[in-house]
Amino acid sequence: MTRKKVSEVRVREETSPLLRDVNMTMPPTCSGLLCLSLLLGKSLLVSSVQVVTTGQQNISLNGKWTLENSNGSLSLPAEVPGCVHTALLKQGYIQDPYYRFNDVAYGWIALDNWTYTTTFTVPSDMRAKQRVMLVFEGIDTISTVSLNGAAVGRTDNMFLQYDFSVGALLTEGDNVLTVSLASPVRYAAQRSEAHSYRVPPDCPPEVQRGQCHVNYIRKEQSSFSWDWGPSFPTAGLWKGVRLEAYDVLRVVHLATVPVYNQTSSGWSLQVELQVEVVAEVTRGQLTLSLPGLDTRQTFPVQFLPGRTRNTYTLHVTTSGAVELWWPSGHGDQPSYPLTLQGVLGPGLTFTADTKVYFRTVELVQEPVPGSPGLSFYFRVNGKAVFMKGSNWIPTHSFQDLVSPAVVRSLLESAVAANMNALRVWGGGVYQQDLFYSLCDELGVMVWQDFMFACALYPTEEDFMDSVREEVRQQVRRLKSHPSVVLWSGNNENEAALATNWFGIPGPERPLYVKDYVKLYVDNIRALVLEEDQSRPFLASSPTNGLASERQGWVADDPYDPRYGDSHYYSYSRDCWDWGAFPRTRFASEYGFQSWPSFSALQKVSVPEDWSWDGPFSSHRQHHAEGNRQMLEQAGLHYHLPNATDPLRRYRHTLYITQVMQAQCVKAQTEFYRRSRSEVVGGKGHTMGALYWQLNDIWQAPSWSSIEFGGKWKMLHYFAQRFFAPVLPVGFEDGVSMVMYAVSDLSVDLNLTAQVSVLSWSRLDPVCTLSSPATLVRGNSATPIFRQPVDALLEGCGNCTRRSCLLAFHLEDPHGARWGPANHHFLCSPRDAEGIEAPNITAEVRGDGERGYTVTLRSTSVAPFVWLDAGDVAGRFGSNGFLMASRSREVGFVPWGPTSAEELGRALTVTSLRDVY
């Protein structure tokens, strides 16, 4: 994701509401320096799979450690999992890092070296085991690990699990474990300085107030800053730590990948088991059982010493149909329990229980009739699926503060907005297991980037070794999830090379192209194809796909709309002009900025900051000229706020940015949805719309539709409508008003467009008309209405473009409505005649058990009616809507305890006419 040539790129926890209980295995709660959990004969969580191995013992080392800086001037307790910043915050050494200008004030933390230390004891029977492994699920990032004064290993990759054999170093009594972390900023600078040639970009744009050379270190790339986030280069033990002791073997990894045989029309299940063996197992057996599909098979096993990967194919023998996993909106997400039972010798067994989902996925790139290019769409279980969704960025600068409630709330908000897909963007982190498990359950397809973004990368051997292990571990961890439908090598690095973002001289370009192919094709792609052939791989995004491959993996123009996917941003062109948008095969990034709510900003600011032109607003904006661009785009169609009271004008300006963003993304998304069935000038057949971006990392202006803390912006309420399974889309094509019926359903419908011509100055329709019934095929966009605007208005009395607007919806022959209502402005609201202050009043009632109802009453037509509940967390049933009736009821579901009285006091209602 980038907006120009080069990416412009608390700890107060605002816990998002938990919409339902989360069931997951969590590390035990610890007190003191030792957290001891002997799991003899108990379950161990390995990649979301429950594994029980007899004779294996485990000790969790999570909990209280001590943390010290390089010169010993700071020494404090620290929680593991955790990071230095959150430890300092919890002990009162720093304030909320998100407060005001603290992201810059606390830059010193990332420039120091830090050491984590814990002391623990190990029972004698555990020390007597043949092998004891020290397992770090995630270390951020450059560290030396020592046990009882002896170095046991070094780490250089945030995305790896590290296992060290430590049995010989354990002693009776106290054992002292230290993890010495180097400054990530200084390390990256040293690697850059030592490199034999420049690997750009050196530093982020100055407006981001970030750190340099992040491409030299395998950690979250956006932690050094981005155009939507702060610079917090973290260090710490960001995932769990444990000891695993065993005599014969331990299970390192278990994955299941269903495979469909087209010839036999049958399913099989590839079960991959990775084990680490001390003593050879010669006569074991493994039984795989899918009771829900009447399938069971036993295999002889032989495990040699060392770490080995073993694959078993279980052929599904059920006589009935296998129930398939479908994306949200296209079917259910059924799963089948799989049980593994291993008998490896007298008294040595292991069992594992997991879920299995069956589905196929293809990325279809084939000739398109009437076009010189290739298609680009996903086919799931043989059905072409239009991807509707957004892009997921890190939900917090400090990963230990990403709670299960936050993850679930965001994913359920995505599904509630009719999304079926999210792209996990390549500048953040691979998400926690819970994220992918919830996507499985909710039917959210995941476009999974590898963590490379907006940069070129070094390719010396130690860097490549680390990357190869990263790819292996992450693919093995995630490939069992049906939600993951695509691996993508990077974000925008093909485009960076092709369009020369970094000003590389022509004679030097072949060197960087060679590095690009070496990293993403010769290594990452090769490893993915070796590990997982069940889903497609792309080298980059955007890309021309197969056409890029034919041009040596770096296309002359990776933005060619006739191929692959596209990223498109423009802030100077009028976003209401649909002719400005690329008629692309697949839109994987596009969007506009807005500011979050005033209630979100209040938490990290003081009254003197509440000014559009003040230092705080400038500091929080990390996209060059972003604040100016928002108001210039808004000013094309709306009056800008002009209240004399500074606070009122500031709050109204926040509102107008959300109006602008919502309407702009609506126009672009509706263009993509209606383009699914058309090819115009060789372009079109659009089969995906993933706007940038779903969520926020802090309280600041960004492209998100959900602000930090979980509150929906106006854009997200719009998305709920413009991603609806059946949608009426209206636009002007030359002199005519045209309406399409867009359907993601599998069934055909007979629909009419019901059109009301409304006057800005009155609440009753001036006139109504309907189109003839039209057959709307399933999975299509069909023209359903066309009429010259002038003729339409002439038939409605005294209506003109400035005095009237259109509202419309779809009906079947029985009068049943399909999809949401929509509307079309015949002129900019800024130029509308007769638009009046609506004097909206609101009444709240309800008892909280089923939510609350807000009854609105208006004296005139009101566009962009916005209900804000302040700090009362929850979601309205609809928001940001056109109110063209005297009264309207809107539901509100709270995410915590509240009352009608509290909601009523917090509630504010704003419409477009209120801001000037």
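Model, not experiment: these values are computed from the prediction.

(A) Region of interest: the pairing of strand 8 (residues 143–147). Of all the 5 residues making up strand 8, 4 are buried; the element is thus mostly covered by neighbouring parts of the structure. Note that strand 8 and strand 9 (residues 150–155) share 5 bridges and pair antiparallel. Residue pairing in the sheet places Val-145 in a bridge with Gly-153 of strand 9. Relative to strand 11 (residues 175–181), strand 8 runs antiparallel, the two sharing 5 bridges. The residue bridging Thr-144 from the neighbouring strand is Ser-180, located in strand 11.

(B) Representation of the pattern of salt bridges within the structure. Counted according to the given criterion, the structure contains 47 salt bridges. Two residues, Arg-218 and Glu-470, come together in a salt bridge whose shortest N-O distance is 2.8 Å. Of this pair, Arg-218 sits in the loop between helix 4 (184–194) and strand 12 (241–246) while Glu-470 is found in helix 7 (residues 461–478), placing the two residues 252 residues apart along the sequence. Assessed through its relative accessible area of 0%, Glu-470 is described here as buried. With a shortest N-O distance of 2.8 Å, Glu-531 and Arg-309 are connected by a salt bridge. Residue Glu-531 is found in helix 9 (residues 509–531), and its partner Arg-309 is found in strand 17 (residues 306–315); the two are separated by 222 residues along the sequence. One connected set of salt bridges, linked through shared partners, spans Glu-137, Asp-163, Arg-242, Glu-244, Arg-250, Glu-276 and Arg-307.

(C) Summary view of unusual backbone geometry. That bond from Pro-200 to Pro-201 is cis: its omega, 0°, falls within 30 degrees of zero. With respect to the element layout, Pro-201 can be found in the loop between helix 4 and strand 12. Here Ser-541 and Pro-542 are connected by a cis peptide whose omega angle stands at 0°. Although it is not a glycine, Asp-294 sits at a positive phi angle of roughly 50°. As for its placement among the helices and strands, Asp-294 is situated in the loop between strand 15 (281–290) and strand 16 (295–303). Asp-294 gets classed as exposed once you look at its relative accessible area, which sits at 59%. In this model, Asn-779 sits at a positive phi of 55°, which is unusual for a non-glycine residue. Within the secondary structure layout, Asn-779 lies in the loop between strand 37 (774–776) and strand 38 (780–788).

Rules used throughout
Residues numbered from 1 in each chain as written. Predicted model: local features only at pLDDT ≥ 70, side-chain atom pairs only at ≥ 80, totals over all residues. Heavy atoms only, no water. Buried < 20%, exposed > 50% of the residue type's maximum accessible area, 1.4 Å probe, protein only. Helix = DSSP H or I, 4+ residues; strand = E, 2+ residues; numbered from the N terminus. Pairing = 2+ DSSP bridges. Salt bridge = Lys/Arg side-chain N within 4 Å of Asp/Glu carboxyl O.

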